[in-house]
Amino acid sequence: MASRGEEDVLNPAKPHVLMTQVDFGPSSTFGIGSGFGSSAWIDADGDPTAASQQTMAIDTTVDVPWIQCVPCPIPQCYPQRIPLFDPSTSSTAAAVRCRSPACRSLGSYGNGCSNTSANACRYQIEYSDDRATAGTYMTDTLTISGSTAVRSFRFGCSHAVRGKFSDLTAGTMSLGGGAQSLLAQTARSLGNAFSYCVPQPSASGFLSIGGPVTTNSTTVFATTP
């Protein structure tokens with residue numbers, strides 16, 4: 001029997017996100033969670049950091065960041081080379097409460113309440129190429145490149161997908177313009193902006209998250225739809 005997550009991720013009535021997929025190489029290290037579980041890793045300074053190190057795809061068309069989370073059986077989820085994030089190993093992981101302001105802010109990405117816990121908010125994303133992901137909307141500590149920590153970071157904990165995703169990544173770090181995106185959640189400390197350079201394959205590019213925290217008359221942003 002299909003779970004609600006499996007049923008909802010196949011629901012053709014949900015709104016779609018228009019997108020064009022182009023794969024490039026800029027990357028950064030993202031760590032999710034804190035605690036003393038099996039997800040501990042060693043950072044660049046040699047200090048043990050209790051976080052699950054994740055490789056994320058960068059997507060500018062979607063607002064809700066998401067990663068695959070335990071439980072996530074195959075074929076309900078796609079196989080990935082990186083160990084799945086297990087929220088139970090993180091002392092700071094928590095489900096967003098259903099009908100809370102954070103849950104209501106999902107708008108068209110919202111998917112009601114969990115069938116296993118009436119207090120857990122659910123999310124769902126459908127892409128225009130018929131891929132989809134659905135699961136629990138959660139908060140936890142996000143660490144970017146081992147130095148920038150974002151507490152109570154909201155993201156989707158995916159328990160079901162549809163379509164093909166790269167096994168090199170655990171999910172998507174979304175840089176869309178909505179209130180749920182990485183940019184919006186770090187706007188107060190980093191500034192609501194990002195830039196990137198995609199060079200030829202033989203050269204090195206960059207992905208820079210952040211911009212001026214305060215607006216002044218000398219600051220001019222160039223934006224693209």
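Our subject is the structure that appears above.
Every chain begins its residue count from 1, and numbering advances along the sequence as written. Per-residue local features are limited, in this predicted model, to residues with pLDDT of at least 70; the limit for side-chain atom pairs, both in listing and counting, is 80 or more; totals at the level of whole chains, interfaces and linings are taken over all residues. With hydrogens and water set aside, each side-chain value is computed from the structure's full complement of heavy atoms.

Looking at the secondary structure, you find Leu168 in the loop between β12 (148–162) and β13 (171–174). In this scheme, a residue with accessible area under 20% of its type's maximum is buried, one over 50% is exposed, and one in between is partly exposed, where area comes from a 1.4 Å probe on protein chains only. Here Leu168 falls in the partly exposed class, since its relative accessible area comes to 48%. In the structure, Leu168 is positioned 86 residues away from Ile82 in sequence and 7.2 Å away in space, judged by C-alpha atoms. Excluding residues within four positions of it along the chain, Leu168 makes contact with Thr55, Arg81 and Ile82. Runs of E in the DSSP output that reach at least two residues are strands. Runs of H or I that reach at least four are helices, and both are numbered from the N terminus. The contact criterion used is simple: two residues touch if any of their non-hydrogen atoms lie within 4.5 Å.

What follows is about the state of the cysteines. In protein structure, a disulfide is the covalent linkage between the sulfur atoms of two cysteines. The definition used for a disulfide is geometric: two cysteine sulfur atoms within 2.5 Å. As enumerated under the stated definition, the model contains four disulfides in all. Two residues share a disulfide in this structure: Cys72 and Cys77, whose sulfurs sit 1.8 Å from each other. For the disulfide bridge between Cys72 and Cys77, the dihedral angle about the S-S bond is near -90°, and by the sign convention the bridge is left-handed. A sulfur-sulfur separation of 2.1 Å characterises the disulfide bridge that pairs Cys103 with Cys121. Judged by the sign of its S-S torsion, about 85°, the cystine formed by Cys103 and Cys121 is right-handed. Here the residue Cys103 occupies a position in helix α2 (residues 101–104), and Cys121 occupies one in strand β10 (residues 121–127), the gap between them amounting to 18 residues. Here Cys103 and Cys121 have matching classes, each one buried. The cystine pairing of the protein, numbering bonded cysteines in sequence order, is 1-8, 2-3, 4-6, 5-7.

Glancing now at the nonpolar core. Ile67, Leu142, Phe153, Phe155, Met173 and Leu182 are the most contacted members of the largest nonpolar core, which has 18 residues in total. Mapped by element, the contributors of at least two residues to this core are β11 (132–144), β12 and α3 (182–185). The element best represented in this core is β12, accounting for four residues. By size, the runner-up hydrophobic cluster in this structure holds 15 residues, among which are Tyr78, Cys121, Ile125 and Tyr137. Remark: nonpolar core denotes a set of buried residues (Ala, Val, Leu, Ile, Met, Phe, Trp, Tyr, Cys) joined through side-chain atoms within 4.5 Å.

Aromatic rings from Phe, Tyr and Trp, with only the six-membered ring used for Trp, were paired whenever their centres fell within 6.5 Å, and each pair was classed as stacked if the ring planes differed by under 30 degrees, edge-to-face if by over 60, and tilted otherwise. The final tally for this structure, using the stated rule, is five aromatic pairs. Here the aromatic rings of Trp66 and Phe165 are separated by 5.3 Å at their centres, their planes lie at 85°, and the arrangement is edge-to-face. Placement of Trp66 in strand β7 (residues 66–68) and of Phe165 in the loop between β12 and β13 is noted, with a sequence separation of 99 residues between them. By relative accessible area, which is 1% here, Trp66 ends up buried. Since its relative accessible area comes to 12%, Phe165 is described here as buried. Aromatic ring contacts, followed pair by pair, group Trp66, Tyr78, Tyr127 and Phe165 into a single cluster. Cation placement over rings: the criterion is NZ of Lys or CZ of Arg within 6 Å of the ring centroid and within 35° of the ring normal. The ring of Tyr127 carries the charged tip of Arg131 above its face, separated from the ring centre by 5.1 Å.

Within the secondary structure, Thr136 sits in strand β11. Judged by its relative accessible area of 12%, Thr136 is buried. Contacts of Thr136, omitting those with residues within four sequence positions, involve Ala95, Ala120, Cys121, Tyr123, Phe155, Gly156, Cys157 and His159.

So, about unusual backbone geometry. In this model, Val70 is joined to Pro71 through a cis peptide bond whose omega is 0°. If you trace the backbone, Pro71 turns up in the loop between β7 and β8 (94–95). Cis geometry marks the peptide bond from Ile74 to Pro75; its omega dihedral reads 5°. Within the secondary structure, Pro75 is located in the loop between β7 and β8. We note that Arg99 has phi near 70°; this positive angle belongs to a residue other than glycine. Residue class for Arg99 comes out exposed when judged on its relative accessible area of 57%. Residue Ser152 is not a glycine yet carries a positive backbone phi of 55°.

On to the pairing of β13, then. Any two strands with at least two DSSP-identified bridges between them are counted as paired. Summarising the sheet, strand β6 (residues 56–59) and β13 pair through four bridges and their orientation is parallel. Note that in β13 the partner of Asp59 across the bridge is Ser174. Of the pairings in the sheet, the one linking β7 to β13 comprises two bridges and is antiparallel in character. Residue pairing across strands places Ile67 opposite Gly171, the latter belonging to β13.

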